[in-house]
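Commentary on secondary and tertiary structure
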Amino acid sequence: MQTVAVIDYGMGNLHSVAKALEHVGAGKVLITSDADVIREADRVVFPGVGAIRDCMAEIRRLGFDSLVREVSQDRPFLGICVGMQALLDTSEENDGVDCIGLFPGAVKFFGKDLHEDGEHLKVPHMGWNEVKQKVSHPLWHDIPDMARFYFVHSYYIAAANARQVVGSGHYGLDFAAALADGSRFAVQFHPEKSHTHGLQLLQNFAAWDGRW
């Protein structure tokens, strides 16, 4: 049976992610902060919620920045929400934070005065939003284009490499909702909270060989 390591660095709704992975038959799901267990896993999930400064402080304290760079190179790797944002170069949050830098680009604040069609949009962006599939990817298998996923975020990803943007969302402005490069895939939304389409994405991740 394959193993899926859910990285525990003290920041993230780990149990809901783990339960969703178990529900789709992903294999033996391990919530762990043990670097050796993470290295030995067949697949790795990198979730996260909260302030990016606190997240990055714990990630660096535990040495998980270098560990993430290592394990995401040669097996299926999925970043979720702040776990996705941590993979960028920098974030504007908390007056600027350096992140892991696996995907070029920056995490930016939606702003306090976000409008569309004369309507004021609340920040954080919270709720269901359509995701446009920019390119074909194994993790989009059996998920229709413009399917709705559940988001909770005040900061959005401005990707520097458009070819890595495999899914986009719109909330007052266009933003990267999904990024991919090799065996790495990352999403701003919460698949574990996104019902049928979210579970399908996790099932696709469980079956994915990491090639794209």
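Residues numbered from 1 in each chain as written. Predicted model: local features only at pLDDT ≥ 70, side-chain atom pairs only at ≥ 80, totals over all residues. Heavy atoms only, no water.

Stated precisely, the cut-off is as follows: UniProt positions are given in the numbering used here, feature names are shortened, and annotations may be inferred rather than shown by experiment.
For the chain, an unreviewed UniProt entry supplies the name Imidazole glycerol phosphate synthase subunit HisH and the organism Pseudomonas monsensis. Recorded in UniProt for the chain, the comment headed Subunit (unreviewed entry) runs: "Heterodimer of HisH and HisF." Word for word, the UniProt comment on the chain under Subcellular location (unreviewed entry) is "Cytoplasm".

Concerning the state of the cysteines
Short version of the rule: Put simply, a disulfide is two cysteine sulfurs that come within 2.5 Å. Partly exposed describes any residue whose relative accessible area lies between the buried limit of under 20% and the exposed limit of over 50%, with all areas from a 1.4 Å probe on protein chains only and scaled to the type maximum.
Under the counting rule described, the total for this entry stands at zero disulfides. Take Cys81: it sits in no disulfide, and the sulfur closest to it among the cysteines is that of Cys55, at 9.1 Å. Since its relative accessible area comes to 4%, Cys81 is described here as buried. Cys99 takes part in no disulfide bond, and the closest cysteine sulfur to it belongs to Cys55, at a distance of 9.4 Å. On the basis of relative accessible area, Cys99 is assigned to the buried category, the value being 7%.

Structural notes on the sheet that holds strand E4 (residues 77–80)
Strand pairs in the sheet, formed through backbone hydrogen bonds, run parallel or antiparallel to each other. Selection rule: Each pair of strands is called paired provided DSSP finds at least two bridges between the two strands. Counting from the N terminus, the helices are DSSP H or I runs at least four residues long and the strands are E runs at least two residues long. Every axis in this analysis is a line fitted to C-alpha atoms, fitted for helices over the stretch in contact. Angles between the N-to-C directions lie between 0 and 180 degrees. Contacts between residues were defined by any pair of non-hydrogen atoms, one from each residue, lying within 4.5 Å.
Strand order in the open sheet formed by nine strands is E2-E1-E3-E4-E15-E14-E13-E10-E11, and the pairing between neighbours is mixed. The two strands at the open ends of the sheet, each matched to only one other strand, are strand E2 (28–32) and strand E11 (147–153). Between one strand axis and the next, the sheet turns through 25° on average, direction left out of account. On the sheet, helix H1 (residues 14–23) packs against strand E1 (3–7), E2, strand E3 (43–46) and E4 and is oriented at approximately 170° with respect to E2.

Overview of the sheet that holds strand E5 (residues 90–91)
With respect to topology, four strands assemble into an open sheet ordered E6-E5-E7-E12, the strand pairing being mixed. Either end of the sheet is taken by a strand with one partner, and the two such strands are strand E6 (97–98) and strand E12 (155–159). Pairing geometry for strand E7 (residues 105–109) and E12, over five bridges, is antiparallel. By the bridge assignment, Ala106 is partnered in E12 with Ala158.

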